[in-house]
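Understanding the architecture of this molecule
Below are the chains, spelled out letter by letter.
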Amino acid sequence: MSDIIADGKVVQINYTLTNDAGETLDSSEGRGPLAYLHGSGNIVPGLEAGLAGAKAGDKLTVDVAPDQGYGAHTGEEPQAVRRSEFPKDMELHEGMPIRAEDGQGNTVVLWVVKAEGAWVHVDINHPLAGQTLHFAVEVVDMRDATDVEVQHGHVHGPGGHHH
Ligand code: ZN
């Protein structure tokens, strides 16, 4: 097993993500390993860079500054948008990304902060913007990506996309 993590590898990791206060923000525990395609931006840039060169069985911690994670916080406050601006059958829940158009017709991603009653509160900042991310990672396994996975830019099968 001389494989190391590099572009074009499908990598399976167990991970726990904590913030500066040591609170767990996300974890693969109970879900099973996350499979991602290395070099395709499936995970935040700082984590991807920190994992390069690791081998199956390695356990490592990777600290990721906001600019290599979910970006700096813009300082903008969440905005309230009328629920009626969204499609009726669209499910809206906290932490969900939605695509919208700004005044210039550019596509922007907004994050749902709160959806209740006639108003939906959306934020231009990712919920983890401005936070330093601390990942504890165990590299479970890896394999070469298939040509189709490389074309699609993501993993197919267990821990990845099914389509
Ligand atoms: Zn695909």
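Residues numbered from 1 in each chain as written. Predicted model: local features only at pLDDT ≥ 70, side-chain atom pairs only at ≥ 80, totals over all residues. Heavy atoms only, no water.

The helix and strand inventory of the chain stands at 2 helices and 9 strands. Reading the chain from its N end, one meets helices and strands in the order β-β-β-α-β-β-β-β-β-β-α. Sequence separation of at least 24 residues holds for 61% of the intrachain contacts in the chain that already meet a minimum separation of 6. Charge-centre separation for the chain: the mean point of 10 positive side chains lies 6 Å from the mean point of 25 negative side chains. (Helix = DSSP H or I, 4+ residues; strand = E, 2+ residues; numbered from the N terminus. Contact = heavy atoms within 4.5 Å. Lys, Arg positive; Asp, Glu negative; His and termini not counted. Charge placed at Lys NZ, Arg CZ, Asp CG, Glu CD.)

Time to look at the domain arrangement of the chain. Domain assignment breaks the chain into domain 1 (9-70 + 129-152) and domain 2 (79-123). Computed over C-alpha atoms, the centres of domain 1 and domain 2 are 28 Å apart. (Domains from an automatic or database assignment.)

Okay, the environment of phenylalanine 86 next. Among the secondary structure elements, phenylalanine 86 is positioned in the loop between strand S5 (79-82) and strand S6 (97-101). The spatial distance from the C-alpha of phenylalanine 86 to the C-alpha of valine 120 is 9.2 Å, given a sequence separation of 34 residues. Not counting chain neighbours up to four residues away, the residues in contact with phenylalanine 86 comprise Val81, Leu92, Ile98, Val120 and Val122.

Attention now moves to the coordination of the zinc ion. Listed as protein donors to the zinc ion are His152 (ND1), His154 (NE2), His156 (NE2) and His163 (NE2); their distances from the metal cover 2.0 to 2.1 Å. Look at histidine 154 and you get buried, because its relative accessible area is 15%. (Donors = N, O, S within 2.8 Å, 3.2 Å for Na, K, Ca; no water. Buried < 20%, exposed > 50% of the residue type's maximum accessible area, 1.4 Å probe, protein only.)

With that out of the way, let us pick up the packing of aromatic side chains. This structure, assessed with the given rule, holds 1 aromatic pair. Note on tyrosine 15 and phenylalanine 135: the rings are 6.5 Å apart at their centroids and 55 degrees apart in plane angle, and the pair reads as tilted. Highlighted residues: tyrosine 15 in strand S1 (residues 9-18) and phenylalanine 135 in strand S9 (residues 133-144), separated in sequence by 120 residues. Owing to a relative accessible area of 5%, phenylalanine 135 belongs among the buried residues under this scheme. (Phe/Tyr/Trp six-rings, centres within 6.5 Å; stacked < 30°, edge-to-face > 60°.)

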